[in-house]
Amino acid sequence: MTFRPLHDRVLVRRIEAEEKTAGGVIIPDTAKEKPQEGEVIAIGPGARDESGKLTPLDVKIGDRILFGKWSGTEIKLNGEDLLIIKETDVMGVIDRAATIKKAA
């Protein structure tokens, strides 16, 4: 089954947080919060402005994004837990290339 979001909606797969802290303490499942970072799986065509012109989304498939803690609607698709959010709930895109350059 394939899924195509409508309008300015984005389908996101949450990226799980680390199970250990920097100091080596293991975080139990009951104390973990839901991750606020995810990977864009699918995007809608965009929103329409007042004149009816289609405005494409700023995010694209494969982007790593940050979103609000209570954003979106959780769904289960093909046995996988995913999230549908509006583009306005996306706080930003994480640039992997910049992160890799800093580490090197």
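In this text the structure is predicted, and so the values were computed from the model without any measurement. (Residues numbered from 1 in each chain as written. Predicted model: local features only at pLDDT ≥ 70, side-chain atom pairs only at ≥ 80, totals over all residues. Heavy atoms only, no water.)

A.B. asks: So what about the pairing of strand E1 (residues 9-14)? Which residues, and what values?
C.D. replies: Remark: a regular strand shows side chains that alternate across the two faces of the sheet. Pairing between E1 and strand E7 (residues 80-86): 4 bridges, direction antiparallel. Paired with Arg 9 across the strands is Lys 86, a residue of E7. Sheet topology note: the E1/strand E2 (residues 37-43) ladder contains 5 bridges and is antiparallel. When the bridges of E2 are listed, Arg 13 appears paired with Glu 39. (Pairing = 2+ DSSP bridges. Helix = DSSP H or I, 4+ residues; strand = E, 2+ residues; numbered from the N terminus.)

A.B. asks: I'd like a rundown of the sheet that holds E1, residues and numbers included.
C.D. replies: Reading across the sheet, the 6 strands line up as E6-E7-E1-E2-E5-E8 and stay open at both edges, with antiparallel pairing between neighbours. Two strands close off the open sheet at either side, each with one partner strand: strand E6 (73-77) and strand E8 (90-94). Averaged over all pairs of adjacent strands, the angle between their axes in this sheet comes to 45°, without regard to strand direction. (Axes fitted to C-alpha atoms, helices over the stretch in contact; angles between N-to-C directions.)

A.B. asks: Quick one: what's the story with the nonpolar core, residue by residue and with numbers?
C.D. replies: Of all hydrophobic cores here, the largest spans 10 residues; its members are Val 10, Val 12, Val 40, Leu 57, Val 59, Ile 65, Phe 67, Leu 83, Ile 85 and Val 90. Every element with two or more residues in this core is listed here: E1, strand E5 (64-67) and E7. In this structure, Val 40 is in contact with Val 10, Leu 11, Lys 60, Ile 61, Gly 62, Asp 63 and Ile 65, ignoring residues within four places of it in sequence. Listed in part, the 5 residues of the second largest apolar core include Leu 11, Leu 77, Leu 82 and Ile 84. (Core = buried A, V, L, I, M, F, W, Y, C linked by side-chain atoms within 4.5 Å. Buried < 20%, exposed > 50% of the residue type's maximum accessible area, 1.4 Å probe, protein only. Contact = heavy atoms within 4.5 Å.)

A.B. asks: Run through the pattern of salt bridges, naming residues and quoting values.
C.D. replies: With the rule as written, the count across this model stands at 7 salt bridges. Across the pair Lys 76 and Asp 81 runs a salt bridge whose closest N-O atoms are separated by 3.4 Å. A cluster of three or more residues bridged by salt bridges with shared partners is formed by Arg 13, Glu 39 and Glu 80. (Salt bridge = Lys/Arg side-chain N within 4 Å of Asp/Glu carboxyl O.)

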